[in-house]
Amino acid sequence: MLLNKGLTVIDVYQAWCGPCKAMQALFRKLKNELNEDEILHFVVAEVDNIVSLQSFRDKCEPVFLFSLNGKIISKVKGANAPLVNQKVISLIEEERKIAAGEMVRPQYHEIIFVDSDDEDAGEAQNGSADDLYSIAIIKPDAVISKKALEIKENVMRAGFVIEAEEKKVLTEEEVRNFYSHLADQPDFEDFVSFMTSGLSYILVISQGDEEEAHKEEPKPETEPNEPSENQPEVEVKAASVGMKKKRGSLQEYLERQHISQFCDVEENGANVNKFIDIFFPEFKKMKTMKLQRTLALIRPDLCRENQEDVLKAIQDEGFKILMQQQIVLSEEEAKTLCKEYEQDDDFEQIIQNMTSNPSLVLALLGNNGLTRWKQLLGPNYVEDAKRYLPESLCARFAMETSPINPFYGSDSLEAAEREIQYFFPPQNTLAVIKPHVPNEYKEEILKSIDEAGFQVTQMKEILLSQEIAEKIYKNLKGKDFYKDVLKMISGGPSVVMVLTKWNAVIEWRRLMGPTDPEEARLLSPNSLRARFGKNILNNAVHGASNIYQAEDIIEKLFGEPDPENPEENSNL
């Protein structure tokens with residue numbers, strides 16, 4: 001392809017995202033306008049299949065290379081349509097002048113890419129989990145004693161990398177599967193009960209960079225701990241004889257730090273692959289992707305006129321809308337989100353419009369989400385978008401009432417997280433799984449909670465005291481069935497949780513559904529009460545009525561949370 005006559009523009013793309021859609025309209029326009037003498041060519045190149053382009057692998061932005069008569073003489077990073085347009089026109093004009101004898105060919109500096117001739121490196125990069133990963137489970141007693149964060153920090157300080165993690169209550173099947181080598185131990189059934197009694201951390205851990213792995217590891221701060229009284233003796237055997245060890249392994253490191261009794265490790269490659277598929281079924285796919293969150297905003301005019309089509313277009317581009325809300329911005333907020341227009345003559349009018357009518361604010365998740373969203377938006381001004389990127393969202397949803405892009409996107413990952421936290425601050429609510437719910441339904445409920453985007457930040461299974469029960473059902477005091485409710489909730493242990501999410505109180509009540517399971521099955525068939533409730537009294541789950549009640553009962557049950565270590569507030 002580099003031997004084409006004239007100029008060849010190469011769209012260098014990653015296999016997981018394909019060629020840059022945002023630039024295709026510009027390329028068609030340039031080819032129609034400039035290629036009468038057939039000296040302009042456009043081609044695509046997938047970096048994964050071309051050795052000389054390996055340096056561009058796993059990059060977050062598209063790259064465009066410019067080749068003249070077989071030599072790459074320039075490149076542009078990012079979907080910068082005006083710059084690409086200008087460079088193509090300039091180089092084509094030079095080629096025509098050279099062909100006509102009006103100028104001498106300039107001495108361009110050729111860009112040379114270094115070939116990746118280290119086959120071993122490639123194999124290591126694509127190797128199996130045998131050499132790359134370990135699976136570690138931080139057990140419930142470590143979570144109760146708030147050692148989970150300390151264990152993770154020690155692991156990372158030693159040069160290991162936590163590639164994925166999940167905090168969950170293990171099912172009986174998962175415990176029996178992971179600890180199958182201990183099934184003949186006399187206390188194994190007690191151990192299974194212990195491991196399913198509360199939250200555990202499941203981690204996928206890699207070796208990390210070699211130089212990191214050789215850093216001086218921290219000295220253990222404490223002497224080896226005896227197993228807690230809640231933990232069966234079989235657990236000690238799991239730590240000492242259950243897992244295969246190898247030189248420099250994660251297991252050996254944990255033993256040297258005297259924390260191995262809190263964390264079990266699997267390092268056998270075949271088993272690691274199996275457990276990754278069980279605990280993290282999307283892990284291998286996610287490793288080839290770069291999921292990123294970004295903040296998006298639809299300005300008031302477009303929000304009012306065409307919101308439904310815009311949301312469909314966003315989802316059609318592969319984005320998941322995590323959260324959304326309509327909001328009228330303050331003047332300070334509007335100026336922050338419109339700072340690129342502050343030199344415009346109509347800046348005050350822009351701000352007035354942004355503060356007079358509601359905008360739609362969205363938290364989006366997508367593959368390479370931050371960069372892709374900015375590419376989809378197009379230029380800052382409608383005129384440029386229509387001229388250079390007619391397929392951009394700016395051009396497609398341009399408003400006659402405004403010359404500026406009707407969308408906003410975060411400038412960086414740091415800005416995205418900061419802006420998402422600002423517009424969607426996390427909230428806590430109380431959730432209760434009632435005593436009558438069998439274990440298999442509890443697992444389904446916890447799965448639904450996770451799928452709905454809640455984080456279980458605290459949880460324990462307890463028999464609720466009379467005082468707590470009365471607080472939970474304070475709104476029902478004086479009702480004919482009040483005593484029946486208290487009797488029901490004291491009939492056995494309940495699972496009490498702190499769920500964290502933006503707008504958590506309302507979102508949890510929506511997920512629960514109507515109080516009467518029969519009514520729920522008609523009005524909200526996918527709700528928890530519709531799926532797992534028996535009757536009004538035994539309707540599976542309960543939630544706080546408002547944020548004040550949630551905060552009051554959470555404090556009674558769990559005490560004050562530690563603001564420095566929010567993930568260590570779990571107590572089971």
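Counting from 1, residues in each chain are numbered in the order their sequence is written. With the structure being a predicted model, the display of local features is reserved for residues of pLDDT at least 70 and the display and counting of side-chain atom pairs for 80 or more, all residues being used for whole-chain, interface and lining totals. In computing side-chain values, all of the structure's heavy atoms are included and hydrogens and water are not.

### What about the sheet that holds strand β2 (residues 40-46)?
The criterion, for reference: At least two DSSP bridges between two strands are needed for those strands to be called paired. Secondary structure counts use DSSP, requiring at least four H or I residues in a row for a helix and at least two E residues in a row for a strand, with both numbered from the N terminus. To obtain an axis, a line is fitted to C-alpha atoms, over the contacting stretch when the element is a helix, and the angle between two such axes runs from 0 to 180 degrees between their N-to-C directions. Throughout, a residue-residue contact means that at least one pair of heavy atoms, one from each residue, lies within 4.5 Å.
Spatially, β2-β1-β3-β4 is the arrangement adopted by the four strands of the open sheet, whose pairing is mixed. The sheet is open, and its two borders are formed by β2 and β4 (71-77), each paired with just one other strand. The sheet shows a mean angle of 25 degrees between the axes of neighbouring strands, taken without regard to direction. In the sheet, strand β1 (residues 7-13) pairs with β2 via seven bridges, with the strands oriented parallel. Bridging across to β2, D11 finds its partner in V44. Contacts from helix α1 (residues 21-34) reach β1, β2 and β3 (63-68), with the element oriented near 155 degrees to β2. Along the sheet, helix α2 (residues 81-99) makes contact with β1, β2, β3 and β4, crossing β3 at roughly 0 degrees.

### Structural notes on the sheet that holds strand β15 (residues 494-502)
The sheet built from four strands is open, its strands ordered β14-β15-β13-β16 with antiparallel pairing. Edge positions in the sheet fall to β14 (455-462) and β16 (541-543), since each of these pairs with one other strand and no more. Averaged over all pairs of adjacent strands, the angle between strand axes in this sheet comes to 25 degrees, irrespective of strand direction. By the bridge criterion, three bridges tie strand β13 (residues 426-433) to β16 in an arrangement that is antiparallel. Bridged to V432 within β16 is H542. Along the sheet, helix α24 (residues 504-512) makes contact with β13, β15 and β16, crossing β13 at roughly 35 degrees. Set on the sheet, helix α27 (residues 547-558) makes contact with β13, β14 and β15; between it and β13 the angle comes to about 65 degrees.

### Notes on the environment of N380
By the element assignment, N380 lies in the loop between α17 (369-377) and α18 (382-388). Each C-alpha atom of the pair N380 and P406 lies 8.8 Å from the other, and the pair is 26 residues apart in sequence. Other than its neighbours up to four places away in sequence, N380 contacts E340, Y341, P403, I404 and N405.

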